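Chain residues, written in single-letter form:
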Amino acid sequence: MTQEILSGQEEVVLLSVGSLEPEAYAYGLKKEIKDQAGYNWSIGTIHTILYRLENKGLLKSTMGGSSEKRGGRSKRLYSLSAKGYQIIRDIQDTRQSMWDKLITNRS
């Protein structure tokens, strides 16, 4: 199991990137996070978390193609790195183990 510590916000962003790949970009993530988790985070908050996760080596990014709709600008697309995917798997496994124990103890 990994020793990396993630904040709740970082975990939500990692999960959202994974669910939107290969089209995970900041505004799409904002909508996904609002739809799935009910959090109405600013785009600045999302960008900050994306940069932090990329610096930790948990995300990779590339520049997508430009579009007329964006005034000819490209959007930055994010994807999980192998390390990022492993961390969210580890988190899920830990939580499931703890839930199983809680349910067993409550029975």
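Residues numbered from 1 in each chain as written. Predicted model: local features only at pLDDT ≥ 70, side-chain atom pairs only at ≥ 80, totals over all residues. Heavy atoms only, no water.

A few points about the pattern of salt bridges
For the coordinates displayed, the defined rule picks out five salt bridges. E10 is paired through a salt bridge with K56; the nearest N and O atoms lie 3.1 Å apart. With E10 in helix α1 (residues 8-20) and K56 in the loop between α3 (43-55) and β1 (59-66), this residue pair connects regions lying 46 residues apart in the sequence. Owing to a relative accessible area of 27%, K56 belongs among the partly exposed residues under this scheme. Each of E10, R52 and K56 takes part in one network of salt bridges that share partners. (Salt bridge = Lys/Arg side-chain N within 4 Å of Asp/Glu carboxyl O. Helix = DSSP H or I, 4+ residues; strand = E, 2+ residues; numbered from the N terminus. Buried < 20%, exposed > 50% of the residue type's maximum accessible area, 1.4 Å probe, protein only.)

Some remarks on the environment of R70
Residue position: R70 is located in the loop between β1 and β2 (74-80). The exposure class of R70 is partly exposed, given its relative accessible area of 24%. Put simply, R70 and Y85 are 15 residues apart on the chain and 30 Å apart in space, counted from C-alpha to C-alpha.

Focus on α3
Since one α-helical turn is 3.6 residues long, residues separated by three or four positions face the same way. The end-to-end C-alpha separation of α3 is 18 Å, in line with the 18 Å expected for 13 residues at 1.5 Å each. Of all the residues in α3, the buried ones are I46, I49, L50 and L53. Around the axis of α3, the buried residues are gathered within 100° of arc, so they sit on the same side. Of the surrounding secondary structure, the elements contacted by the buried residues of α3 are α1, α2 (26-37), β1 and β2. (Expected span 1.5 Å × (residues − 1). Arc of directions from axis to C-beta. Contact = heavy atoms within 4.5 Å.)

Quick word on a nonpolar patch on the surface
A cluster of nonpolar residues, W99, L102 and I103, forms a patch on the protein surface that exposes about 330 Å² of accessible area. Within the fold, L102 resides in helix α4 (residues 82-106). For L102, a relative accessible area of 42% corresponds to the partly exposed category. (Patch = residues over 30% accessible without salt bridge, like charges linked within 9 Å, V, L, I, M, F, W, Y side chains within 5 Å. Areas by Shrake-Rupley, 256 points an atom, 1.4 Å probe, with all protein chains shown as cover.)

Considerations on the packing of aromatic side chains
With the rule as written, the count across this model stands at one aromatic pair. Seen from their ring centres, Y39 and W41 are 5.2 Å apart, and the 5° between their planes marks the pair as stacked. (Phe/Tyr/Trp six-rings, centres within 6.5 Å; stacked < 30°, edge-to-face > 60°.)

Quick look at α4
For α4, with 25 residues, the first-to-last C-alpha span of 36 Å sits near the 36 Å given by 1.5 Å per residue. When α4 is considered as a whole, its buried residues turn out to be G84, I87, I88, D90 and I91. Where α4 is buried, its residues touch α1 and β2.

Considerations on the packing of α2 against α3
Two numbers describe how α2 lies on α3: the axes approach to 10 Å, and their chain directions differ by 110°. On the basis of the axis angle, α2 is roughly perpendicular to α3. Contacts between α2 and α3 involve A26, Y27, L29, K30 and I33 from the former and I43, I46, H47 and L50 from the latter. Of the residues belonging to the contact of α2 with α3, the class tally is seven nonpolar, one polar and one charged. (Axes fitted to C-alpha atoms, helices over the stretch in contact; angles between N-to-C directions. Parallel < 35°, antiparallel > 145°, perpendicular 65-115°, else oblique. Nonpolar A, V, L, I, M, F, W, Y, C, P; charged D, E, K, R; others polar.)

As far as function goes, none of this settles anything; it's purely spatial.
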